[in-house]
Amino acid sequence: MKQLKTNRSSNLYFESKKYLPGGVNSPVRAFKSVGRDPLFIAKAKGQYIFDVDGNRYIDYVGSWGPMILGHAHPQVVSAIKRAASDGTSFGAPTEREVEMAKLVRKMMPSVEVVRMVNSGTEATMSAVRLARAFTGKEKIVKFAGCYHGHFDSFLIKAGSGATTFGTPDSPGVPKTLAARTLVAEFNDLASVEKLFVDNPGEIAAIITEPVVGNMGVVIPRGNFLERLLEIAHANGALLILDEVMTGFRLACGGAQQIYELKPDLTTFGKIIGGGLPVGAYGGREEIMRMISPDGPVYQAGTLSGNPLAMAAGLAQLRMLDRQKSLYTKLEKLGARLEKGILRNLNKLGLGYQLNRAGSMFTLFFTPENVVDFTAALTSDTKKFGLYFSEMLKRGIYLPPSQFEAAFISAAHTPADIDRTISANYEALDAVGRKVTRSNLKVSI
Ligand SMILES: *Cc1c(COP(=O)(O)O)cnc(C)c1O
């Protein structure tokens, strides 16, 4: 196996570290948890991503979720170009924002009224402010390992980058605010019920990822989500479904379509922006009318509903809405990959767990059935790091952390999946041998 040449990436990283914290603008990009320098990306097209050294990879990061149709989709690119030539921002309402709101409501009927923002973080923090205002209560319930962006109230046992770095509680979060965030275990209804018993009349909302992506992929069991809605309503609280990752990904109507759920509020990000910075929150009209200028809950944004962002998002959502067969294709590719990886694990005698929901998947380096954060944390992250590098060498670009979801796009082909399955076999085999060798060294 030839070594990967990444000199230019490493030189850029050396330079960038002087000027940017950790050399990056978002922590997981630094590849810290897989023990190697990050790749600097030059361009991407379809299912491929190219680094500055000219290496090509089959991409399973997809910009962390947005690129469900693949990179630089011609229709998305031309929509952005057309919008750009008419001016990049006006700070005034535009027709595209009306079209976007209508389309979101059509694809996800629980979202009767929607407000556009610029990121998933903005969406969730605004939704929580709204839930607090609507219920007149201050506490929120979140699940360990779920990530809802970097707003203070959510950096308590948060997934994604916060997990990898082992600093789930960030300094700088006021203790008084953190005390208003209560943490339950995903897939454990008793842990939720207990919080409501212990904090009577104080909880404004439960917020959750419906299918979790941010501790790696974790799937809700039985009627877990349905019961969350019932528990919230029985206690005068709201359910905020954070579909920043799952929205328009698991189905045209998101996870709420699959689980037949009507949450009070839903948050969006990633796919809704077609690769540009967009977030949104929406839901029941009665609640959403409390937002300024209809109501007293203040929330604003200079660039919210930006014409370029709306053009990109609309182009992508329209294709997803019109071609529902894309979701069948994504499921087929996902199933093919799952089958291949399970076959590999079986052949190699490895008991690792593969969790998959449609086009989202995580291979956990643990024999435990990963149903919650506690189980996810039993994964061997050192082995994952070695595996990540072995896959990279074989031209496969995975999320550089055990606790992230990998994404398949509609641009991937069965041949890409088969190449990935072969690489997976070789990489797992190589990791196994590496670990055995180093174990031997220790015993000598
Ligand atoms: C990515 C993500 C966020 C944060 O979105 P940003 O656009 O990164 O701020 C929030 N919730 C979930 C479920 C996410 O996956």
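Note that this is a predicted model, so its numbers are computed, not measured. (Residues numbered from 1 in each chain as written. Predicted model: local features only at pLDDT ≥ 70, side-chain atom pairs only at ≥ 80, totals over all residues. Heavy atoms only, no water.)

Re the domain arrangement of the protein
Split by domain assignment, the protein resolves into domain 1 (7-60 + 325-443) and domain 2 (74-322). For domain 1 versus domain 2, the distance between C-alpha centres works out to 27 Å. In this complex, domain 1 contributes 29 residues to the contact, which on the side of domain 2 involves 30 residues. At the boundary of domain 1 with domain 2, the tally comes to zero salt bridges. Viewed at the interface, domain 2 and domain 1 are joined by nine residue pairs in polar contact (both at pLDDT 80 or more). Taken together, the elements giving at least two residues each to the side of domain 1 that touches domain 2 come down to α12 (325-348), β11 (353-357), β12 (360-364) and α13 (373-376). With four residues, the single largest contributor to the side of domain 1 that touches domain 2 is β12. (Domains from an automatic or database assignment. Contact = heavy atoms within 4.5 Å. Salt bridge = Lys/Arg side-chain N within 4 Å of Asp/Glu carboxyl O. Polar contact = N/O pair within 3.5 Å; in protein donor to acceptor, adjacent residues only side chain to side chain. Helix = DSSP H or I, 4+ residues; strand = E, 2+ residues; numbered from the N terminus.)

Remarks on the sheet that holds strand β13 (residues 396-397)
One open sheet holds the four strands; their spatial order is β1-β2-β3-β13, and the pairing between them is mixed. In the strand order of this sheet, the two ends are held by β1 (41-45) and β13, each with one partner. The sheet contact formed by strand β3 (residues 56-59) and β13 spans two bridges and is parallel. Bridge pairing in β13 links I58 to I396. (Pairing = 2+ DSSP bridges.)

Topic: the site of the ligand
Looking at the ligand, the residues that line it are S119, G120, T121, Y147, H148, G149, E209, N214, D242, V244, M245 and K270. In the environment of the ligand, a nitrogen atom lies 2.7 Å from a nitrogen or oxygen atom belonging to the side chain of D242. When isolated, the ligand has an accessible area of 380 Å², and the protein chains bury 83% of it. Along the lines of polarity and charge, the residues of the shell around the ligand split into three nonpolar, six polar and three charged. (Near = heavy atom within 4 Å. Areas by Shrake-Rupley, 256 points an atom, 1.4 Å probe, with all protein chains shown as cover. Nonpolar A, V, L, I, M, F, W, Y, C, P; charged D, E, K, R; others polar.)

Quick notes on unusual backbone geometry
The residue after S292, namely P293, is reached through a cis peptide bond having omega 10°. One can find P293 in the loop between α10 (285-288) and α11 (307-322). Although it is not a glycine, A72 adopts a positive phi angle of roughly 50°. Among the secondary structure elements, A72 is positioned in the loop between β3 and α2 (74-85).

Some remarks on the side chain of T246
Along the chain, the position of T246 falls in the loop between β8 (238-242) and α9 (254-258). Owing to a relative accessible area of 1%, T246 belongs among the buried residues under this scheme. Once residues within four sequence positions are removed from consideration, T246 is found in contact with P210, V211, G254, A255 and M360. (Buried < 20%, exposed > 50% of the residue type's maximum accessible area, 1.4 Å probe, protein only.)

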